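Structural overview
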Amino acid sequence: MAMLSNDWQEALEGEFRKQYYKDLFEFVKEEYSRAVIYPPADDIFNAMHLTPLGKVKVLILGQDPYHGENQAHGLSFSVLPTQTEIPPSLQNIYQELHDDLGCVVPNNGYLKKWAEQGVLLLNTVLTVRAHQANSHQGHGWEHFTDAIIQAVNAQERPIVYMLWGRPAQSKIPMLTNPKHLILKAPHPSPLSAYRGFFGCKHFSQANAFLTENGQEPIDWQIEDL
């Protein structure tokens, strides 16, 4: 696992010394040695590498990395630019962006542009076995990503949380900072998008909130490759 090199290192260094993290590290190391695991080991912490803690404006919380080839690269909902098929949930996110802000639906699912603007694309579990959804749940990642969420909650500047679906919304009790904006909607998966994800207007609400609080809004348009 590539170590953190920016301000996340200081915020999370206490976690690296805890027993659960030592156990998690050994579990993940063993898994990579004997099975195909996604994302590649060097990409596990990409969300933090690309979005320093001091630059976070928006947190979008996913659950499990994609478990197919050439998909997961450490950002929730995002797939590698070599992946020509856009996952269904991301297709629905793009549809909502089109309806909400007029964004053109791009030909790829590579969301690095969002991360570089301060959108923390965090999954609650950061690794998965190939073709085995949720296979790394319950091994300690949840404790670690809770610490990430708590570090964001402790930031003094206003931050937007987009919490889609029940698992993401289960984190709301941790979000105690009144400066922040919590946006809730059903998950964008095909199973639930029509129950209220479509029409939630989270992207325009986030930008309005950032602008009201003196911050640059996010340019949500992903360009074609």
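Now for a look at the structure at hand.

This part covers the packing of aromatic side chains. As enumerated under the stated definition, the model contains 15 aromatic pairs in all. For the pair W114 and F203, a centre-to-centre distance of 6.4 Å together with 45° between the ring planes defines the contact as tilted. Residue W114 is found in helix α5 (residues 112-116), and its partner F203 is found in helix α8 (residues 202-212); the two are separated by 89 residues along the sequence. Its relative accessible area of 0% is what places F203 among the buried residues. Ring centres of Y194 and F198 lie 4.9 Å apart, and the angle between their planes is 70°; this geometry places the pair in the edge-to-face category. Overall, the relative accessible area of 22% leaves F198 in the partly exposed class.

This part is about the sheet that holds strand β2 (residues 58-62). What the four strands build is an open sheet, ordered β3-β2-β5-β6; its pairing is parallel. Bordering the open sheet on either side are β3 (119-123) and β6 (181-185), each of which pairs with just one other strand. Between one strand axis and the next, the sheet turns by 20° as a mean value, whatever way the strands run. Of the strands in this sheet, β2, β5 (160-164) and β6 touch α8, which is tilted by about 165° from β5.

Let us look at the environment of H73. When you line up the elements, H73 lands in the loop between β2 and α4 (88-101). A relative accessible area of 4% places H73 in the buried class. For the pair H73 and Y110, spaced 37 residues apart in sequence, the C-alpha to C-alpha distance is 9.4 Å. Within the structure, H73 has its side chain in polar contact with the side chain of S78 (distance 2.7 Å).

Given a rise of 1.5 Å per residue, 13 residues ought to cover 18 Å, and the 18 Å separating the end C-alpha atoms of helix α6 (residues 141-153) matches this to within 8%. Of all 13 residues that make up α6, 10 are buried, and the element is covered over most of its length. Those residues of α6 not exposed but buried are W141, F144, T145, D146, A147, I148, I149, A151, V152 and N153.

Rules and cut-offs
- Residues numbered from 1 in each chain as written.
- Predicted model: local features only at pLDDT ≥ 70, side-chain atom pairs only at ≥ 80, totals over all residues.
- Heavy atoms only, no water.
- Phe/Tyr/Trp six-rings, centres within 6.5 Å; stacked < 30°, edge-to-face > 60°.
- Helix = DSSP H or I, 4+ residues; strand = E, 2+ residues; numbered from the N terminus.
- Buried < 20%, exposed > 50% of the residue type's maximum accessible area, 1.4 Å probe, protein only.
- Pairing = 2+ DSSP bridges.
- Axes fitted to C-alpha atoms, helices over the stretch in contact; angles between N-to-C directions.
- Contact = heavy atoms within 4.5 Å.
- Polar contact = N/O pair within 3.5 Å; in protein donor to acceptor, adjacent residues only side chain to side chain.
- Expected span 1.5 Å × (residues − 1).

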